[in-house]
Amino acid sequence: MLALVSPALLVILALIVLPVGWLAWQSIYHDGFTLENYRRVFTEDIYWRSFALTFEISLAVTVIALLLGYPVAYLANSVPKGWSILILSLVVLPFWTSVLVRAYAWLALLQRTGVINQLLRYLDVISEPLALVHNTFGTVVATVHILLPFMVLPLYATMQKIPGDLMQAGASLGASPSLTFFRVFLPLSLPGVLAGCTMVFVLCLGFYITPELLGGGRTVMVSMLVSRNVELYNQFGAASAVAVVLLLSVLAIFFVVSRFISLDRVLGQK
Amino acid sequence: MTMKRNLRLGCVLLGAVGLTTAADAAEQITFVSQGGAYQQAQTVAILDPSAKKLGITINQDSIPDAWPAIKTQVGSGKPIWDVVDTPTGYCLRGGEQGLIEKLDFSKIPNAAAMPEAYRSPYSVSYEFYSSVLAYSQKTFPKDAPNSWADFWDVKKFPGRRALRNHPIATLEAALMADGVAPDKLYPLDVDRAFKKLEEIKPNITVWWTSGAQSAQLLNDGEVDMEMAWNGRVSAVAKEGAKVGFTYNQGILQSTSLCILKGAPNLDTAVKFLNEAVDPVHQANLPLQIDYGPGNPKAFETNVIKPERAAQLPSEPVNAAKQALMSYAWWSSPAGEAAEKRWASFMQK
């Protein structure tokens, strides 16, 4: 058995374990053992600010993506097959466009002379252009758009597995459509909600290009701290420490979530 | 990649025609710059002529930010690059950290003849650019902002503003806005500069991080005035955007050539360094792109026409209106502390 899986283990060792180990090692070793990098991460307020902002943005993005994604997945699940394929393709299509291109597209839509501001001015809704981008708002909008498929797909996968009979059974017992939804469908779709939220939240924690381009320089997320550490402190160790702290937070999140649902049930084939 | 291949091909062809001897063809260096239109321009103006004159092969590589790579390459003990064209501060900082070779100026007569302020023990100025005040001519058809004090004056010049998300040149601009004369900037009064920046901070719409972004902001009308690099502004203006800029109180900056410590082709690299700052090659550069020569003697070669010279940041009259950036100060402990302080300034 071990002989059969050893090539796969070697690949995992070479591509995942060694690089991550090297990353962690750099954060504690620089001309000798040091905790200086971690001291900086935990004491300097710019790190706290960045981590707090990153978690805030990730939370906002997750909630908005859920509110937008749930109805879409529900619709895709309840219409005939042909229509659901169309809906899912519309969700996935932008997914195949580069993140960079989509960030610039949002810039073209949201900036002062962008489509939305010009339309609103043309319709006389506003007299001065709104500040829709180069701030946290623009960052959140674009990030939600980019991460939406990661919410819709696990939701859809979970909803597919909910037997339609259960809703009929609920209806036959006299429950209204909304009551069957809230008492039967919604609880059964919760694993999908949790899986989708986890995916979106965790992916958002590591976002770089979008806040860099649409945040106006003030929206400094953790990934940007990593790059700035290399540029400003010229220390890969400091950058590694930030990366390690972020990685550990992600692992902690996965650990907590896995106490509630088995992740592979939703993300895997079964 | 293609550029590299073309260059090699070019050299092979040259060799075949018999312009260079077979023995010389063995001499080569790897030269690294920042890519794009800029590297293309210097290939035509400086690299190809130098290779031809010295009979060497110049392999090219490009990287937007060379510093991490310099550190890793020299740190590994086996650098693969020889000469790097990079912001002067990196040459100085690298020199202090033992990553950059100390130069023997007796072997680089072209550089030895350059002004003291344009070179350091580890580097020679290669080309000049300027951080200037640029503005939209649509917003300011006349009475455009003409100084950093104007940039800070949000009452007299209302409009959206952008600055670079970096302390270098930005602190200088803040001090000039606060009344410090361009030639009295160093050592920078960092506290005073940050205090002045706090004043303008609420009026800054974007803190840009790349030159392309700064050009786009001005071109799209996202901001009405900003600090930008002169070449970026003139490129946008050439494409028809109604934008202008002033050299008044610009911050004159340079990239320099320096040689990696333990470079594989050290002797050839030194020879190349001398050739690269030759006044005639240097004078060729502004014919290709809107950057000024690193060697001021280029203006005496008659290669650059007077009307062209007037547009360049390092032309003596333009240079006199500007502040010359002190990379020595920026790579000093005080400079590095100011750089670190920037991060917390941005996030508060």
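Residues numbered from 1 in each chain as written. Chains lettered and ligands numbered in written order. Predicted model: local features only at pLDDT ≥ 70, side-chain atom pairs only at ≥ 80, totals over all residues. Heavy atoms only, no water.

Undergrad: For this particular structure, what's the right way to read the overall build of chain A?
TA: Along the backbone of chain A there are 13 helices and 0 strands. For chain A, the sequential pattern of α-helices and β-strands runs α-α-α-α-α-α-α-α-α-α-α-α-α. The dimensions of chain A, computed from C-alpha atoms along their principal axes, are 75 × 70 × 30 Å. With 270 residues in all, chain A has 43% of them scored as buried. Considering only intrachain contacts with a sequence separation of at least 6, the fraction spanning at least 24 residues in chain A is 72%. In the form shown here, chain A has an accessible surface area of approximately 14600 Å², with 74% of it arising from carbon and sulfur atoms. Computed over 14 positive and 11 negative side-chain charges, the inter-centroid distance for chain A is 9 Å. (Helix = DSSP H or I, 4+ residues; strand = E, 2+ residues; numbered from the N terminus. Buried < 20%, exposed > 50% of the residue type's maximum accessible area, 1.4 Å probe, protein only. Contact = heavy atoms within 4.5 Å. Areas by Shrake-Rupley, 256 points an atom, 1.4 Å probe, with all protein chains shown as cover. Lys, Arg positive; Asp, Glu negative; His and termini not counted. Charge placed at Lys NZ, Arg CZ, Asp CG, Glu CD.)

Undergrad: Help me understand the overall build of chain B in this model?
TA: Counting secondary structure elements, chain B contains 16 helices and 11 strands. Expected size for 348 residues packed as a compact globule is a radius of gyration near 20 Å; at 21 Å, chain B falls within 12% of this value. Taken along the three principal axes of its C-alpha coordinates, chain B extends 70 × 40 × 35 Å. Taking all 348 residues of chain B together, the buried fraction comes to 58%. (Rg over C-alpha atoms; globule rule 2.2 N^0.38 Å.)

Undergrad: Got a minute to help me understand the interface of chain A and chain B in this structure?
TA: By a frequent convention, interface size equals the accessible area lost on bringing the separate parts together. With 26 residues of chain A at the contact, the number on the chain B side is 28 residues. Overall, the association of chain A and chain B removes approximately 2300 Å² of surface from exposure, summing both partners, and the carbon and sulfur fraction of that is 48%. At the junction of chain A and chain B, the tally comes to 1 salt bridge. For D224 of chain B, the salt bridge identified is with R112 of chain A, shortest N-O distance 3.0 Å. Where chain A packs against chain B, one counts 11 residue pairs in polar contact (both at pLDDT 80 or more). At the level of elements, α3 (45–78), α10 (209–214) and α11 (222–233) of chain A are the ones that each hand at least two residues to the side of chain A that touches chain B. For the side of chain A that touches chain B, the class distribution of residues is 12 nonpolar, 7 polar and 7 charged. (Buried area = accessible area lost by both parts, 1.4 Å probe. Salt bridge = Lys/Arg side-chain N within 4 Å of Asp/Glu carboxyl O. Polar contact = N/O pair within 3.5 Å; in protein donor to acceptor, adjacent residues only side chain to side chain. Nonpolar A, V, L, I, M, F, W, Y, C, P; charged D, E, K, R; others polar.)

Undergrad: Would you explain the packing of aromatic side chains in this entry?
TA: The relative placement of two aromatic rings is captured by the distance of their centres and the angle of their planes. All chains considered together, the criterion is met by 27 aromatic pairs over all chains. Considering the side-chain rings of W207 of chain B and F345 of chain B, the 5.9 Å spacing of their centres and the 90° angle between planes classify their relative orientation as edge-to-face. Of this pair, W207 of chain B sits in strand β7 (residues 204–208) while F345 of chain B sits in helix α16 (residues 333–347), and the two are 138 residues apart along the sequence. Across this residue pair, the class does not change: W207 of chain B and F345 of chain B are buried. One aromatic cluster in this structure is built from Y70, Y74, F181, F182 and F185 of chain A. One residue, R119 of chain B, lies across the ring of F105 of chain B, its end atom 5.2 Å from the ring centre. The ring of F345 of chain B carries K201 of chain B above its face, with NZ or CZ at 4.6 Å from the centroid. (Phe/Tyr/Trp six-rings, centres within 6.5 Å; stacked < 30°, edge-to-face > 60°. Lys NZ or Arg CZ within 6 Å of the ring centre and 35° of its normal.)

Undergrad: I tried to follow the nonpolar core on my own but got confused; where do I start?
TA: For soluble globular proteins, nonpolar side chains are generally found buried alongside one another. Counting residues in hydrophobic clusters, the biggest one holds 105 residues, and the most contacted among them are W148, L171, L197 and F272 of chain B. At 8 residues, strand β5 (residues 123–136) of chain B tops the list of elements feeding residues into this core. L171 of chain B has contacts with L188, V190, A193, F194, L197, W330, A338 and W342 of chain B, leaving out every residue within four places of it along the chain. By size, the runner-up hydrophobic cluster in this structure holds 51 residues, among which are A65, I146, V193 and I261 of chain A. (Core = buried A, V, L, I, M, F, W, Y, C linked by side-chain atoms within 4.5 Å.)

Undergrad: Would you mind showing me how to read the side chain of S147 of chain B here?
TA: Residue and element names in this part refer to chain B. As for its placement among the helices and strands, S147 is situated in the loop between β5 and α6 (148–152). Look at S147 and you get buried, because its relative accessible area is 15%. Leave out the neighbours within four places in its chain, and S147 touches L133, N248 and Q249.

Undergrad: What is the right way to read the confidence of the model for chain B from this model?
TA: In regions of low pLDDT, the predicted coordinates are not meant to be interpreted in detail. Residues and elements named next belong to chain B. Looking at chain B, pLDDT values average 91 and 93% of them are 70 or higher. A low-confidence stretch, residues 1–24 (pLDDT under 50), is modelled with 18 contacts involving residues beyond four sequence positions or located in other chains. Here the complex is predicted with pTM 0.85, and the ipTM for its interfaces comes to 0.83. (pLDDT = per-residue confidence, 0-100.)

Undergrad: Looking at this structure, I do not really get the environment of W25 of chain A. What am I missing?
TA: Here W25 of chain A lies in helix α1 (residues 2–28). When the C-alpha positions of W25 of chain A and S50 of chain A are compared, they lie 23 Å apart, and in sequence the two are 25 residues distant.

Undergrad: Even after reading the chapter, I still don't get the pairing of strand β3 (residues 83–87) of chain B, so can you show me in this structure?
TA: Regular strands place their side chains on alternate faces of the sheet. Residue and element names in this part refer to chain B. Of all 5 residues in β3, 4 are buried; the element is thus mostly enclosed. Direction of pairing for strand β1 (residues 28–33) relative to β3: parallel, over a ladder of 2 bridges. In the strand pairing of β3, V32 is matched with V84. Sheet analysis places β3 next to strand β9 (residues 243–259), joined by 5 bridges and oriented antiparallel. What sits directly across from D85, in β9, is L257. (Pairing = 2+ DSSP bridges.)

Undergrad: What is the right way to read the packing of helix α2 (residues 36–54) of chain B against helix α11 (residues 266–276) of chain B from this model?
TA: Relative placement of two packed helices is described by the angle separating their axes and the distance separating the axes. Residues and elements named next belong to chain B. The N-to-C vectors of α2 and α11 enclose an angle of 125°; their axes lie 10 Å apart at closest approach. Of the possible angle classes, the one that applies to α2 and α11 is oblique. In the packing of α2 onto α11, the handedness of the crossing is right-handed. For the pair formed by α2 and α11, the contact residues are I46, L47, S50, K53 and L54 on the first element and K271, F272, E275 and A276 on the second. (Axes fitted to C-alpha atoms, helices over the stretch in contact; angles between N-to-C directions. Parallel < 35°, antiparallel > 145°, perpendicular 65-115°, else oblique. Left-handed = near helix turned anticlockwise from the far one by under 90°.)

Undergrad: For this particular structure, what's the right way to read the environment of E101 of chain B?
TA: All names here are of chain B. Positionally, E101 belongs in the loop between α4 (88–96) and α5 (109–112). Along the chain, E101 and A263 lie 162 residues apart, while their C-alpha atoms are 8.4 Å from each other. Look past the residues within four positions of E101 in its chain and what remains in contact with it is P121, Y122, I259, L260, K261, G262, A263 and L266. Engagement of the side chain of E101 in a polar contact is seen with the backbone nitrogen of G262, the distance being 2.9 Å.

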